[in-house]
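Chain by chain, the residues:
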Amino acid sequence: MSSSVIAISLVALHVALQAGFIVRALLRPHREPSSRIAWVLVILAIPAVGMSAYVLFGETNIGRRRVARYKTAIALVGPATETGHENREALEGLGADHEQLFRLGQSISGFLPVSGNAARLMPDSDSAIDSMIADIDAAQENVHLLFYIWLDDTNGRKVVEALKRAARRGVVVRAMADDLGSRKLVRSGHWTDMQEAGVRLARALPVGNLLLHPIRGRVDLRNHRKIVVIDSRITYCGSQNCADPAFLPKAKYGPWVDLMLRFEGPVSDQNQKLFLQDWLSHVDDPLTDLQDAPARRRSDGDVIAQAIGTGPTIRNSAMPEVFEALMHNAKDDLIITTPYFVPSEAMHSALCSAAFRNVRTSLVMPRHNDSWVVAAASRSYYLELLKAGVRIFEYPNGLLHAKSMTVDGEIALIGSANLDRRSFDLNYENNILLKSRALSAKIRERQEAYISASGEVTRSDVENWSVGRRLWNNSVAMLGPVL
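Predicted, not measured: the structure shown is a model, and the values here were computed from it.

Peer 1: Quick question: what am I supposed to make of the pairing of strand 16 (residues 411-415) here?
Peer 2: One face of the sheet, then the other: side chains in a regular strand alternate in exactly this way. In terms of burial, strand 16 is a largely internal element, five of the five residues being buried. Of the two faces of strand 16, both are covered, the one formed by Ile-411, Leu-413 and Gly-415 as well as the one formed by Ala-412 and Ile-414. Taken together, the four bridges between strand 15 (residues 404-407) and strand 16 define a ladder with antiparallel strand orientation. From the neighbouring strand, Val-407 faces strand 16, where its bridge partner is Ile-411. Where strand 15 folds back on strand 16, the antiparallel hairpin that results is connected by three residues, among which Asp-408 adopts a positive phi of roughly 55°. Both strand 16 and strand 17 (residues 427-435) contribute to a ladder of five bridges, which runs antiparallel.

Structure, rendered in structure tokens:
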């Protein structure tokens, strides 16, 4: 459901209530309406007018000027430049069925699949941060970093110090953080210290004055990406923010359990282009340090990979299309981990369809979600999924924040996107689609570890829920499009 539908619904409700009071007055002409009724009308008018303003002035999602800058940035950066041998080898290694999946990704970001990538699954969140810092300390040319959440905690400060060290020794360092998700850090002394050390900084989608947002853009649209690129040849992709696993702002749900991959090879250039699209939409930067950069050589790895970037300036069906195509493509095995599951009808059908085809289909989510609203909405889908044959597991040891999908032990998708409407319609997201039996096996092994630690939800469990609980879950699910 779009913001325009919500606004129209609110306006319609307001008009209906006013009409009801007018009819009441006509039927009882000698009774004056109380002041209480008048105040109710005024209060109900406020959200209606506010949402109407969003539709009239914020319909371009992030504001017309910002949209124009994003489009200009995408045009300046352009699609990946790898041509010839690498792309031919990658396409030949995909096979006809899998080639169509990567063609879909190409239609979104313009990037062709590239071969010759090496990749390593990080053991845990702290190890991922330590690996990033080691790569930043070894950087010779440039470091590009973007996080939705960057906290002023142990890991967050370690990254701050690493970026300062790199900038002081002459490495070009560009760092971005979402202005809402990282609001405390970008308004702290650490942000100023990095700037003084020579780190080039930008706040993604600045919030500014909330009262002006209805005419300038949409504060609810955020940059949810997690991108790190070092020397244009190493990149990290996954679900992890720049924070400790304990995640102190929501410590009661900790630890946050994430999945992060380190890539080396030409897919790094694609991730860098996604970063630069965001960067140039906020900063006027000639990128002189990158203009004469040598072509990056492939690594010794055999991973075929493709970066996929989605967001409000891309068609809002893009990310769901990728998820659904993977579900429909599954023949034997499909495992999904996600913290937030509020699917569209098409995605819900695709997941059920996989199970109906006798594909071994498993969905793993956290038992204790940091969003009780999303948790209720997610559980409203359980019964239909279970009837179709989908196995559902709830992970109890913290917030399972990993966003991953493995298909038939050969194809995998990892990144920042959840299976919910916010990721589809409101967030900038980045994912990497890959083909590799060895790497997919590693990711699947991690998924199986989550399953082993989880409790399985059965059909009888759901059918024994109280009427009140089912009513609550279903009522919240009606708000799915706006969660």
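Peer 1: Looking at this structure, I do not really get the packing of aromatic side chains. What am I missing?
Peer 2: The description of an aromatic ring pair uses the distance of the two centres, along with the angle that the planes make with each other. Scanning the entire structure with this criterion turns up eight aromatic pairs. Between the aromatic rings of Phe-275 and Trp-279, the centroid separation amounts to 5.9 Å while the plane-to-plane angle is 20°, which identifies the pairing as stacked. Pair noted here: Phe-275 and Trp-279 are both in helix 10 (residues 267-280), with a separation of four residues, about one helical turn. Assigned by exposure class, Phe-275 and Trp-279 land together as buried. Sitting above the plane of the Trp-465 ring, Arg-469 keeps its charged end 4.1 Å from the centroid.

Peer 1: Help me understand unusual backbone geometry, please; the structure alone is not making it clear to me.
Peer 2: One can expect most non-glycine residues to show negative phi and most peptide bonds to be in trans. With an omega of -5°, the peptide bond between Gly-254 and Pro-255 qualifies as cis. By the element assignment, Pro-255 lies in the loop between strand 7 (234-238) and strand 8 (256-257). With a phi close to 45°, Phe-247 is a non-glycine residue in the positive phi region. Along the chain, Phe-247 falls in the loop between strand 7 and strand 8. One non-glycine residue, Asn-358, lies in the positive phi region at around 70°. As for its position among the elements, Asn-358 is in the loop between helix 13 (345-356) and strand 12 (360-366).

Reading the values: the criteria
Residues numbered from 1 in each chain as written. Predicted model: local features only at pLDDT ≥ 70, side-chain atom pairs only at ≥ 80, totals over all residues. Heavy atoms only, no water. Buried < 20%, exposed > 50% of the residue type's maximum accessible area, 1.4 Å probe, protein only. Helix = DSSP H or I, 4+ residues; strand = E, 2+ residues; numbered from the N terminus. Pairing = 2+ DSSP bridges. Phe/Tyr/Trp six-rings, centres within 6.5 Å; stacked < 30°, edge-to-face > 60°. Lys NZ or Arg CZ within 6 Å of the ring centre and 35° of its normal.

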